[in-house]
Amino acid sequence: MKPALVFGTRPEIIKLAPVVRAFLEMGIKPLLIHTGQHYDYEMSRIFLEELELPPIDYHLEVGSGTQAEQTGKAMVKIEKVLMDERPDVTLVQGDTNTVLAGALASVKLKIPVAHVEAGLRSFDRTMPEEINRILADHASEVLFPPTDEARKNLEREGITENVYVVGNTIVDAVLQNSLVAEKKSDVLERLGMKPKEYILITAHRAENTDSRENLTRLVEILESLPMMAVYPIHPRTEGRLKRFGLWERVTAIENLVITKPLGYLDFLRLEKNAFAVMTDSGGVQEETIILDVPCLTLRYNTERPETVKAGGNILVGLERERVLHYLQKLIEDRDFYEKMAKAPNPFGDGKAGERIAKILLELYEKGELKVKS
Ligand code: UD1
Ligand code: UDP
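Chains are numbered independently. Their residues run from 1 in the order of the written sequence. Both sets of labels track the order of writing: A upward for chains, 1 upward for ligands. Side-chain atom pairs in this predicted model are given and counted only at pLDDT of 80 or more, local residue features only at pLDDT of at least 70, and totals for whole chains, interfaces and linings cover all residues. Neither water nor hydrogens contribute to the side-chain values; these are computed over all heavy atoms in the structure.

Our next topic: the sheet that holds strand 7 (residues 198-202). The strands that make up a sheet are held in pairs by hydrogen bonds between backbone atoms, and each pair lies either parallel or antiparallel. Judged by pairing direction, the sheet is parallel, and its six strands sit side by side in the order 9-8-7-10-11-12 without closing on themselves. The open sheet terminates on both sides in strands that have one partner only, identified here as strand 9 (256-259) and strand 12 (313-315). In this sheet, neighbouring strand axes are inclined to one another by 20° on average, regardless of whether the strands run parallel or antiparallel. Pairing between strands is defined by DSSP: at least two bridges between them are needed. Numbering of helices and strands runs from the N terminus, with a helix taken as a DSSP run of H or I at least four residues long and a strand as a DSSP run of E at least two residues long. The pairing of strand 7 with strand 10 (residues 276-279) spans four bridges and is classified as parallel. Within the sheet, the bridge partner assigned to Leu 200 lies in strand 10 and is Val 277. Axes here mean lines fitted to C-alpha atoms, for a helix over just the part in contact, with angles spanning 0 to 180 degrees between N-to-C directions.

Here we take up unusual backbone geometry. We note that Glu 61 has phi near 50°; this positive angle belongs to a residue other than glycine. Take Glu 61: it is sitting in the loop between strand 3 (58-59) and helix 3 (67-85). In this model, Asn 162 sits at a positive phi of 50°, which is unusual for a non-glycine residue. Within the fold, Asn 162 resides in the loop between helix 6 (148-156) and helix 7 (169-184). A simple rule labels every residue: compare its accessible area, found with a 1.4 Å probe on the protein chains alone, to the largest value its type can have, and call it buried under 20%, exposed over 50%, or partly exposed in between. Looking at Asn 162, the relative accessible area reads 16%, which means it is buried.

This part takes up helix 1 (residues 10-25). With 16 residues, helix 1 extends 23 Å from end C-alpha to end C-alpha; this agrees with the ideal 22 Å at 1.5 Å per step. What helix 1 keeps buried is the set Glu 12, Ile 13, Ile 14, Lys 15, Leu 16, Ala 17, Pro 18, Val 19, Val 20, Ala 22 and Phe 23. Downstream of helix 1 by one or two residues, Gly 27 has phi in the positive range, about 80°. Multiplying one less than the number of residues by 1.5 Å gives the expected span of a helix.

By the alternation rule, side chains of strand 5 (residues 113-116) split into Val 113 and His 115 and Ala 114 and Val 116, which are all buried. Across four bridges, the pairing between strand 4 (residues 89-93) and strand 5 is parallel. Each residue of the ladder has a partner; that of Leu 91, found in strand 5, is Ala 114. Viewed with both strands pointing away, a crossover whose connecting path from the first strand over the helix to the second turns clockwise is right-handed. Where the polypeptide runs from strand 4 across helix 4 (residues 97-108) and back to strand 5, its parallel neighbour, the crossover connection is right-handed. With three bridges connecting them, strand 5 and strand 6 (residues 142-144) associate as parallel partners. Residue His 115 lies in a different strand from strand 6, and its bridge partner there is Leu 143. Tracing the backbone out of strand 5, into helix 5 (residues 128-139) and back to the parallel element strand 6 gives a crossover that is right-handed.

Here we take up the side chain of Glu 12. Within the secondary structure, Glu 12 sits in helix 1. When charges are tallied, Lys and Arg are placed among the positive residues and Asp and Glu among the negative ones, while His and the ends of the chain are skipped. Any carboxyl oxygen of Asp or Glu that lies within 4 Å of a side-chain nitrogen of Lys or Arg is treated as forming a salt bridge with it. Lys 15 is the oppositely charged side chain nearest to the buried, salt-bridge-free Glu 12, at an N-O distance of 10 Å. Any pair of nitrogen or oxygen atoms within 3.5 Å is treated as a polar contact; in protein, a donor-acceptor pairing is required on top of that, and neighbouring residues in sequence qualify only through side-chain atoms on both sides. Looking at Glu 12, its side chain comes within polar contact range of the side chain of Thr 9, at 2.5 Å. Between two residues, a contact is recorded if the distance between any of their heavy atoms is within 4.5 Å. Apart from the residues lying within four places of it in its own chain, the contact partners of Glu 12 are Val 6, Phe 7, Gln 93, Thr 96, Thr 98 and Val 99.

Tracing the chain through its elements places His 138 in helix 5. Separated by 20 residues in sequence, His 138 and Ala 118 have C-alpha atoms that sit 9.8 Å apart. Residue contacts for His 138: discarding those within four places in its chain leaves Glu 157 and Ile 159.

So, about the site of ligand 2. For this purpose, a residue is taken to be near a molecule or strand whenever a single non-hydrogen atom of the residue falls within 4 Å of it. Around ligand 2, a shell composed of 17 residues is seen, among which Arg 205, Leu 262, Ser 281, Gly 283 and Glu 287 lie nearest. One nitrogen or oxygen atom from the main chain of Leu 262 is found 2.7 Å from a nitrogen atom belonging to ligand 2. Measuring from an oxygen atom of ligand 2, one finds a side-chain N or O atom of Glu 287 at 2.6 Å. Relative to its unbound accessible surface of 540 Å², ligand 2 loses 95% to contact with the protein. Breaking the shell around ligand 2 down by element, the ones donating at least two residues are helix 1, helix 13 (264-272) and helix 14 (282-291). Residues belonging to the shell around ligand 2 are distributed by class as follows: nine nonpolar, five polar and three charged. Domain limits in this description derive from either an automatic procedure or a database domain assignment. Counting contributing residues, the shell around ligand 2 receives three or more from each of domain 1 (3-168 + 349-365) and domain 2 (186-341). The protein chains shown are the only cover counted for residues, whose accessible areas, like all others here, come from Shrake-Rupley with a 1.4 Å probe. Under the scheme applied here, ten amino acids are nonpolar (Ala, Val, Leu, Ile, Met, Phe, Trp, Tyr, Cys and Pro), four are charged (Asp, Glu, Lys and Arg), and all others, including Gly, are polar.

This is the structure:
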C-alpha cells in the first residue's frame, strides 16, 4: 500500500507524526507532502527534526495568503503531486486550509481520502476551520473520529460508513514525547520559571486576533494576570499586535515573558509544569487534559466539548472578569484545582496512530479502499 500524507501546519506535523511512525513500523513508507502553509523554522522544521520524521518527499511552498489564495494554491500543487504519484489513499488531519485542499484535490482524482480527527464541530460556521472540517469529512471515504461524540456528529450528517473511533493521535504524541521533553528540554531554566508557579498562554485564532477590539481585550487580560506567565507567540498574533499598535503595550507587561513559538519538547515541558494554561488552541485544549493541567479556553465555543464535560476545561472567552474569577479560584481552592487537573482524558490510550495504519491496510487488502460510486 502507498499512503500519502498531506500536511502543512504545526499541529498537523505533531498529530500525524505518530501515524508516520506506525506506518514505518509496519514496513510501509508513506509519501510525505508538506504544503508549506507554515514555513518559519519554529512553526515547521523544528517539529520535523524533533519528531524525527523521514525526509519530506514534496515541499510545495504554498505559504500565506487569503483563504482562497492559500487553499487554491495548495489544491493546484497537491493535485500535481497526486497525479504523478497515484497513492492508494490520501491522509489529512484536522481542519486547516491544507486539509481542505488535500481532501478536494484527492477525491476528485478518485484517490480516497482518510480524515484523521474527523467529526469535530464547533457549530460556528464563521470559523474557517469549521467549514474545512465539514467539507473534508464529506469528501472522505474513511473517517477517524477521536471520540464517540465526534462520531455522533458525523452520524447526524449522514456519514456512517467506514467510520472508526480510534482516539486522538495527540495522546500518542504526548506519550511518545513527554519523557524525552523532561530529559532534553531546559526551557524552565532558560525562561526562569518554577514548576506550577506560572501560567502558560497561547492565542492565535482568527476570531481573537483579527480585530483590534478582540486583540485589545486579550491584551487587557494579559495585563491583569495574578502570577507569572509565559506566552510563546504565534506569528499571526505577533503580526496583528504590531499592526494594531499593541506590541509595545504587551511587551511592557512585567510578569509576562513573551517568546517566539517553541519547539514541541520545550512546549510540552512548559505545559506539563504549568499551574494552568490559557489558550484558544485546539491541540492545547487536548494536551492539558492529558497532562493533568487545568485549562481556561479563550473562546466562546469549542469543538472539543469532551474536555469541558470531563471537567478539565472552562470556556472563558475574552471575558477578563471570568478569567480572573477562575484563576483566583484555582489559586485559592485546592479541591477545585485538583478536580480540574485530574479530569479524565477523553482522547484514548495513545494507540490511535497504530489503529489508523492497521485499519487502512486492512481496507486496502480487502480491496475496499476506493472512492465509491
Ligand atoms: C492555521 C489554521 C488554524 C490552526 C493554525 C495552527 C487555517 C484556516 N488556519 O492558522 O486552524 O490552528 O494554523 O497554528 O488553516 N505566518 C508566519 N509564518 C508562518 C506561518 C504563518 O509568519 O510560518 C503568519 C503570516 O502572517 C500568515 C499568518 O501567520 O498570514 C496566518 O497564517 P495561516 O497559515 O494563514 O493561519 P494560522 O493563523 O497559522
Ligand atoms: N505548540 C508548540 N509550540 C508552541 C505552541 C504550541 O509546539 O509554541 C504545539 C502544542 O503542543 C500543540 C500544537 O502546537 O500540540 C497546537 O498547535 P496550534 O495551537 O498552533 O494549532 P491548533 O491545535 O489550534 O490547530
